[in-house]
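Spelled out, the chains give:
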Amino acid sequence: MLKINNIDVYYGAIHALKDVSITVNQGEIVTLIGSNGAGKSTLLKTLSGLLKPKNGEIVFLGKTITGISAQSIVSEGLIHCPEGRRVFANMSVEENLELGAYIRKDKEIKADIGKVYERFPRLLERRNQQSGTLSGGEQQMLAIGRALMARPKLLLLDEPSMGLAPLLVQEIFAIIEEINCLGTTVLLVEQNANQALKIAHRAYVLETGKIALTGDAKELAGSEEVKKSYLGGH
Ligand SMILES: Nc1ncnc2c1ncn2[C@@H]1O[C@H](COP(=O)(O)OP(=O)(O)OP(=O)(O)O)[C@@H](O)[C@H]1O
Ligand SMILES: [Mg+2]
């Protein structure tokens, strides 16, 4: 479904992604783990057209999308749920959800908002609340809900569990699994490698801009190298 072939991404002189190649197959949850500053968010920003690779190519559903506009990438069904729960703080919950569907012209937008409320009942209770006043966890739910409103074929999630209490982390991971079971392919960036490897089919480990390891998520979770560096040595 997605093939990233040998991309290099720079911020000025900083070489943030070095010859990175990643494949995501239809139906999978693929997780990208790595330490702070490894380049995980850079990779997602490149996929969604916010950054342009200097070399290499990105192919999504058989079409080369390298260098096309962020809006065209959204229209192809590649939807980015960015790091840090970027909701529009001055708008209500419902307005944020409507904005998620801005590229759509079909008549099912209202019905899809209803589905988001079914998945996140707390958002329904707060549908008219200003989004900036939601709790951190609620904002994360809204950020995911808004991404779902674009009807993603491939959903890019950047650290959805960041800063959430353990119970809510479990809930968010369960929801990601559910979204995947309903047919959305997921590329999940996480610091919480432990949880991410539990729900993912395959994984890539990014180290200072390079892919250091890749493989079946269960196998990687059992590897000494991953345990030592990313799973707190347990
Ligand atoms: N706009 C920018 N200008 C210059 N350097 C940047 C910029 N954005 C990111 N970087 C650098 O690129 C590298 C990769 O950053 P990135 O945000 O992709 O890391 P990350 O893996 O997502 O880290 P974290 O887990 O902390 O979110 C870092 O060294 C960072 O300082
Ligand atoms: Mg990041």
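Note: the structure precedes this text.
Quick look at the structure, then. In this convention, every chain numbers its residues from 1, walking through the sequence in written order. All chains are assigned letters beginning with A, and all ligands numbers beginning with 1, in the order in which they are written. Side-chain atom pairs in this predicted model are given and counted only at pLDDT of 80 or more, local residue features only at pLDDT of at least 70, and totals for whole chains, interfaces and linings cover all residues. Hydrogens are left out, water is left out, and the side-chain values use all remaining heavy atoms of the structure.

Once that is clear, we can look at the coordination of the magnesium ion (ligand 2). Ideal values differ by geometry: the angle at a metal is 109.5 degrees with four tetrahedral donors, but 90 or 180 degrees with six octahedral donors. Here the coordinating atoms are restricted to nitrogen, oxygen and sulfur within 2.8 Å of the metal centre, or 3.2 Å for Na, K and Ca, and because water is not among them the sites may look incomplete. Around the magnesium ion (ligand 2), the protein contributes the donor atoms S41 (OG) and E83 (OE), at 2.0 to 2.8 Å from the metal centre. One end of the pair, S41, is in helix α1 (residues 40-47); the other, E83, is in the loop between β6 (78-81) and α3 (93-100), and 42 residues separate them in sequence. Each helix corresponds to a stretch of at least 4 residues labelled H or I by DSSP, and each strand to a stretch of at least 2 residues labelled E; elements are numbered beginning at the N terminus.

Before going further, it helps to spend a moment on the environment of E159. Of note, E159 is situated in the loop between β7 (154-158) and α7 (166-181). Taking C-alpha positions, E159 is 9.2 Å from R85, a pair spaced 74 residues apart along the chain. E159 has contacts with K40, E83, Q140, V189, E190 and Q191, leaving out every residue within four places of it along the chain. Contacts are assigned to residue pairs with any non-hydrogen atoms lying within 4.5 Å of each other.

Structural elements are reduced to axes, namely lines fitted to C-alpha atoms, with helices fitted over the stretch in contact, and the angle between N-to-C directions of any two is expressed from 0 to 180 degrees. Here α3 crosses helix α4 (residues 109-119) at 125°, and the two axes come no closer than 10 Å. In this view, α3 runs oblique relative to α4, as classed from their interaxial angle. In this structure, α3 crosses over α4, and the sense of that crossing is right-handed. Facing α3, whose interface residues are V93, E94, L97 and E98, α4 presents K110, I113, V116 and Y117. Gly is placed with the polar residues, together with every amino acid not listed as nonpolar (Ala, Val, Leu, Ile, Met, Phe, Trp, Tyr, Cys and Pro) or charged (Asp, Glu, Lys and Arg). The residue inventory of the contact of α3 with α4, partitioned by class, reads 5 nonpolar, no polar and 3 charged. For this classification, under 35 degrees means roughly parallel, over 145 means roughly antiparallel, 65 to 115 means roughly perpendicular, and everything else is oblique. Two helices cross in a left-handed way if the nearer one is turned anticlockwise from the farther one by less than a right angle. They cross in a right-handed way if the turn is clockwise.

Only Phe, Tyr and Trp rings are paired, with Trp represented by its six-membered ring, and only when their centres lie within 6.5 Å; those with planes under 30 degrees apart are stacked, over 60 edge-to-face, the remainder tilted. Using the criterion set out here, one finds 0 aromatic pairs in the structure. Cation placement over rings: the criterion is NZ of Lys or CZ of Arg within 6 Å of the ring centroid and within 35° of the ring normal. The lysine or arginine in question, K54, covers the ring of Y10, its NZ or CZ lying 4.8 Å from the ring centre.

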